[in-house]
Amino acid sequence: MRTLCASTLIGEFFVIGFAGLVAMKSDDLSSATVWTVCGIGMLLSVVLCGVITRPGGVQLGWALQIALVAGGFFIPMMYILGLLFGALWWASVHYGRKIDEAKARWAAQEATS
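Sequence order sets the numbering: in each chain, residues are counted from 1 along the sequence as written. In keeping with the predicted nature of the model, local features appear solely for residues at pLDDT of at least 70, side-chain atom pairs appear and are counted solely at 80 or more, and the whole-chain, interface and lining totals rest on all residues. As a convention, hydrogens and water are excluded, and side-chain values are obtained from all of the structure's heavy atoms.

Caption draft 1: How the structure looks around the overall build of the protein. Under the scheme used here, helices are H or I runs from DSSP no shorter than 4 residues and strands are E runs no shorter than 2 residues, and both carry numbers assigned from the N terminus. What the protein contains, in helices and strands, is four helices and zero strands. Its helices and strands in sequence order give the protein the pattern α-α-α-α, from N to C terminus. The principal-axis extents of the C-alpha atoms in the protein amount to approximately 65 × 20 × 20 Å. Buried residues in the protein amount to 34% of all 113 residues. Contact definition: two residues touch when any of their heavy atoms are within 4.5 Å. Considering only contacts within the protein whose residues lie at least 6 apart along the sequence, 65% involve residues at least 24 apart. In this tally Asp and Glu are treated as negative and Lys and Arg as positive; neither His nor the chain ends contributes. Where a charge lies is defined by one atom per residue type, namely NZ (Lys), CZ (Arg), CG (Asp) and CD (Glu). Each charge class in the protein can be summarised by its mean position, and for the 7 positive and 6 negative side chains these summaries are 8 Å apart. The classification of residues rests on relative accessible area computed with a 1.4 Å probe and restricted to protein chains. Under 20% of the type maximum is buried, over 50% is exposed, and intermediate values are partly exposed.

Shown next, in the form of structure tokens:
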């Protein structure tokens, strides 16, 4: 699960950074606000790569997905990107857990052989 989720989070890191560049063109937002919010999001996405397997890691990942969708209030394209990354996050968690279960079964079979 860790590899799939980390890949999604690294992709989000870049999307958040590029969204910050787009948001800079808005007259309604100051550059300090844009980079504070984007910096926190980017930092959270990188930190989550390391703590995804710990308790609460997946839930924090879901909070980041919600924040990406909420970014659509300022950059309308983020609605679409947030939903796409939300779907990728779900798939990463869902199929990552299945892969981890399969690896555990294979390791148990190897140990009994």
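Caption draft 2: A look at the environment of phenylalanine 14. In this structure, phenylalanine 14 sits in helix 1 (residues 2-23). For the pair phenylalanine 14 and glycine 61, spaced 47 residues apart in the sequence, the C-alpha separation amounts to 16 Å.

Caption draft 3: Region of the structure containing the environment of valine 15. Tracing the backbone through its elements, the reader meets valine 15 in helix 1. Residue valine 15 is classed as buried on the basis of its relative accessible area, which comes to 16%. C-alpha separation for the pair valine 15 and methionine 78, spaced 63 residues apart in sequence, amounts to 9.0 Å. Every residue in contact with valine 15, bar those within four places of it in the chain, is listed here: Met78, Leu81 and Phe85.

Caption draft 4: The arrangement of the packing of helix 3 (residues 57-70) against helix 4 (residues 77-112) in detail. Throughout, an axis means a line fitted to C-alpha atoms (over the contacting stretch in the case of helices), and angles, computed between N-to-C directions, take values from 0 to 180 degrees. Direction vectors running N to C along helix 3 and helix 4 enclose 160°, while the axes themselves pass 7 Å from each other. As far as their axial angle goes, helix 4 and helix 3 are roughly antiparallel. Remark: the crossing between helix 3 and helix 4 carries left-handed chirality. The segment helix 3 lies against helix 4, with Val58, Gly61, Trp62, Gln65, Leu68 and Val69 engaging Met78, Tyr79, Gly82, Leu83, Phe85, Gly86, Trp89, Trp90, Val93 and Arg97. Residues that form the contact of helix 3 with helix 4 fall into these classes: 11 nonpolar, four polar and one charged. Oblique is the label for every angle not falling under 35 degrees (roughly parallel), over 145 degrees (roughly antiparallel), or within 65 to 115 degrees (roughly perpendicular). Crossing chirality is assigned from the near helix's rotation relative to the far helix, an anticlockwise turn below a right angle marking it left-handed and a clockwise turn marking it right-handed. Residues were grouped as follows: Ala, Val, Leu, Ile, Met, Phe, Trp, Tyr, Cys and Pro as nonpolar; Asp, Glu, Lys and Arg as charged; and all remaining residues, including Gly, as polar.

Caption draft 5: Layout of the packing of helix 1 against helix 2 (residues 31-51). Packing of helix 1 against helix 2 brings their axes to within 8 Å, and their N-to-C directions diverge by 170°. Between helix 1 and helix 2, the interaxial angle falls into the category roughly antiparallel. On helix 2, the residues that touch Arg2, Ala6, Leu9, Ile10, Phe13, Ile16, Gly17, Gly20, Leu21 and Ala23 of helix 1 are Val34, Trp35, Cys38, Gly41, Met42, Ser45, Val46, Leu48, Cys49 and Gly50. When its residues are assigned to classes, the contact of helix 1 with helix 2 shows 14 nonpolar, five polar and one charged.

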